[in-house]
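The residues making up each chain are set out below.
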Amino acid sequence: MAEPVPNTFLREGRIYTVNLGKGSVYGEKVLRRRSMEYREWSPARSKLAEYLASGGRFPLRAGNDLLYLGAGSGTTASHISDILADGSVPCVESAPIPFFRLREVASSRSNMSAILSDARHPERYAPMVGSADVIYQDIAQKDQVDIFVRNMELFNAEWGVIMLKVRSISHLPPSEVVPGELRKLEAYSVNETDVSRRHPDHRAYLVRR
Ligand SMILES: C[S@@+](CC[C@H](N)C(=O)[O-])C[C@H]1O[C@@H](n2cnc3c(N)ncnc32)[C@H](O)[C@@H]1O
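(A) A look at the overall build of the chain. A tally of helices and strands in the chain yields six helices and eleven strands. In summary, the chain has a C-alpha radius of gyration of 16 Å against a globular reference of 17 Å for 209 residues, a match within 12%. The principal-axis extent of the C-alpha atoms belonging to the chain is close to 50 × 40 × 30 Å. Per-residue burial for the chain yields a buried fraction of 51% across its 209 residues. Across the chain, every contact between residues at least 6 apart in sequence was considered, and the portion connecting residues at least 24 apart equals 59%. For the chain, the computed accessible surface area is about 9,900 Å², with 49% contributed by carbon and sulfur atoms. Side-chain charges in the chain split into 28 positive and 25 negative, and the spacing between the mean points of these groups amounts to 5 Å.

Put into structure tokens, the structure is as follows:
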């Protein structure tokens, strides 16, 4: 990891987060030491775990609120909930099937909430989110960068991480697609971390004001 991430540890090459809830969330291994539980966070399963394992920065401050766009059934979101502990993690998901599981996961965690909505319309869920210092997005849609920018601007977020799935935008070679997408982020400072070893279809960008 490039810098310490709260409640996150590397041990013998594996990443763990301190469990804010109890037991396993999605079948991941749980280590118990004294009264603490540590949940294994697999870089093969989670692009954000691979991002951190590959040296990506995640410069959270205590009490930050993080808005998660495209939370699926809550696998990665549950680890962000562990990391943030004192901050809130509202999770937006548009598909009803993963949302059911996401809602169950959120109900067992004090700082996580599940919102069934389309991330293209942040004004619809803004009243449920309140503030968002940070945005994490993992949405495979043609307009994924537009969605990210719309949310960054509406919530006036300080920074965010977007997992860009290039093939969802176009089947042209990435070298022809990515420059145009990055131009949409020109107002920000952008740093790429290579996550292609385990997630070859994705590019990961830290985006800051
Ligand atoms: C790759 S999966 C998420 C996996 C999850 N981020 C994880 O690491 O555990 C992407 C999710 O984005 C959701 N999605 C796609 N378009 C969306 C939209 N416009 N608004 C909200 N969610 C969307 C999909 O339904 C899907 O569950």
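Next comes the rest of the write-up.
(B) Broad picture of the sheet that holds strand 1 (residues 8-11). Spatially, four strands are ordered 1-2-4-3 in an open sheet, and the strand pairing comes out antiparallel. Two strands bound the open sheet, and with one partner strand each, they are strand 1 and strand 3 (30-33). Put simply, the sheet's adjacent strands are angled 35° from each other on average, direction ignored. When strand 1 meets strand 2 (residues 14-18), the two strands line up antiparallel, connected through four bridges. Of the residues in strand 2, the one forming a bridge with F9 is Y16.

(C) Focus on the site of the ligand. The environment of the ligand is formed by 17 residues, the closest being Y68, T76, E93, D118 and D138. Here a nitrogen atom of the ligand and a backbone polar atom of A119 are 2.9 Å apart. Among the residues making up the shell around the ligand, the classes are represented as five nonpolar, seven polar and five charged.

(D) View of unusual backbone geometry. Residue R34 is not a glycine yet carries a positive backbone phi of 50°. The residue R34 is located in the loop between strand 3 and strand 4 (36-41) in this model. Notably, A85 is not glycine yet its phi reads approximately 45°, a positive angle. Note that A85 resides in the loop between helix 2 (75-84) and strand 6 (89-93). The partly exposed category is assigned to A85, whose relative accessible area is 25%.

Definitions and cut-offs
- Residues numbered from 1 in each chain as written.
- Predicted model: local features only at pLDDT ≥ 70, side-chain atom pairs only at ≥ 80, totals over all residues.
- Heavy atoms only, no water.
- Helix = DSSP H or I, 4+ residues; strand = E, 2+ residues; numbered from the N terminus.
- Rg over C-alpha atoms; globule rule 2.2 N^0.38 Å.
- Buried < 20%, exposed > 50% of the residue type's maximum accessible area, 1.4 Å probe, protein only.
- Contact = heavy atoms within 4.5 Å.
- Areas by Shrake-Rupley, 256 points an atom, 1.4 Å probe, with all protein chains shown as cover.
- Lys, Arg positive; Asp, Glu negative; His and termini not counted.
- Charge placed at Lys NZ, Arg CZ, Asp CG, Glu CD.
- Pairing = 2+ DSSP bridges.
- Axes fitted to C-alpha atoms, helices over the stretch in contact; angles between N-to-C directions.
- Near = heavy atom within 4 Å.
- Polar contact = N/O pair within 3.5 Å; in protein donor to acceptor, adjacent residues only side chain to side chain.
- Nonpolar A, V, L, I, M, F, W, Y, C, P; charged D, E, K, R; others polar.

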